[in-house]
Amino acid sequence: GWNANRFFSYQDMLKRIEDGGLELVRETDSANDTTKWYRVPGHMGRVGFITSMSEHFCGTCNRLRITADGQLKVCLFGSQEVSLRDAMRAGFSDKDLSLLVSAAVKRKKFALGGHADMHGIAQANDNRPMTLIGG
């Protein structure tokens, strides 16, 4: 679970890097990016920060996950799943499947799967580990 004493926020990371003398230049994000991208002048490549705990981006996230066992997840932090596998095995038409997915997306919570913060996620303890969700 989450340990607040070991949590290192996005701002903490930026400060540590800058205090170490490395200049980071912020790049422009795409509309639905989940990563805050930076580059280091004079070097190739870029570095990205996924800030879901310290600066969530839930309002612009447009990702869906289908687990290996056919469950649709509209949020990595939410425990709600919709069984597309069972619907397909039951003979749902493409239109019915589309309606099922649409209904799941409309029920998506504003932030962090309906949890207030990382502590709420840890206390709920009702979600699959990330290794079982895939991504």
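Please refer to the structure placed before this passage.
The structure displayed is predicted, hence computed values, not measured ones.

(A) Spotlight on the nonpolar core. Among the nonpolar cores identified, the biggest contains eight residues, and these are M53, C58, C75, F77, A111, L112, M118 and I121. Y10, L24, V40 and F49 belong to the second largest nonpolar core, which has six residues in total.

(B) Quick peek at the environment of F8. Along the chain, F8 turns up in the segment before α1 (10–19). The partly exposed category is assigned to F8, whose relative accessible area is 37%. Counting along the chain gives 46 residues from F8 to S54, while the straight-line C-alpha distance between them is 8.7 Å. If we ignore the near neighbours within four places in the chain, the residues touching F8 are M13 and R16.

(C) Spotlight on the sheet that holds strand β5 (residues 71–73). Pairing within the open sheet is antiparallel, and its three strands lie in the order β4-β5-β6. With one partner strand each, in any of the chains shown, β4 (65–66) and β6 (82–83) form the two edges of the open sheet. Inspection of the sheet shows β5 paired to β6 by two bridges, in the antiparallel sense. Directly across from Q71, in β6, lies its bridge partner S83.

What counts, and at which threshold
- Residues numbered from 1 in each chain as written.
- Predicted model: local features only at pLDDT ≥ 70, side-chain atom pairs only at ≥ 80, totals over all residues.
- Heavy atoms only, no water.
- Core = buried A, V, L, I, M, F, W, Y, C linked by side-chain atoms within 4.5 Å.
- Buried < 20%, exposed > 50% of the residue type's maximum accessible area, 1.4 Å probe, protein only.
- Helix = DSSP H or I, 4+ residues; strand = E, 2+ residues; numbered from the N terminus.
- Contact = heavy atoms within 4.5 Å.
- Pairing = 2+ DSSP bridges.

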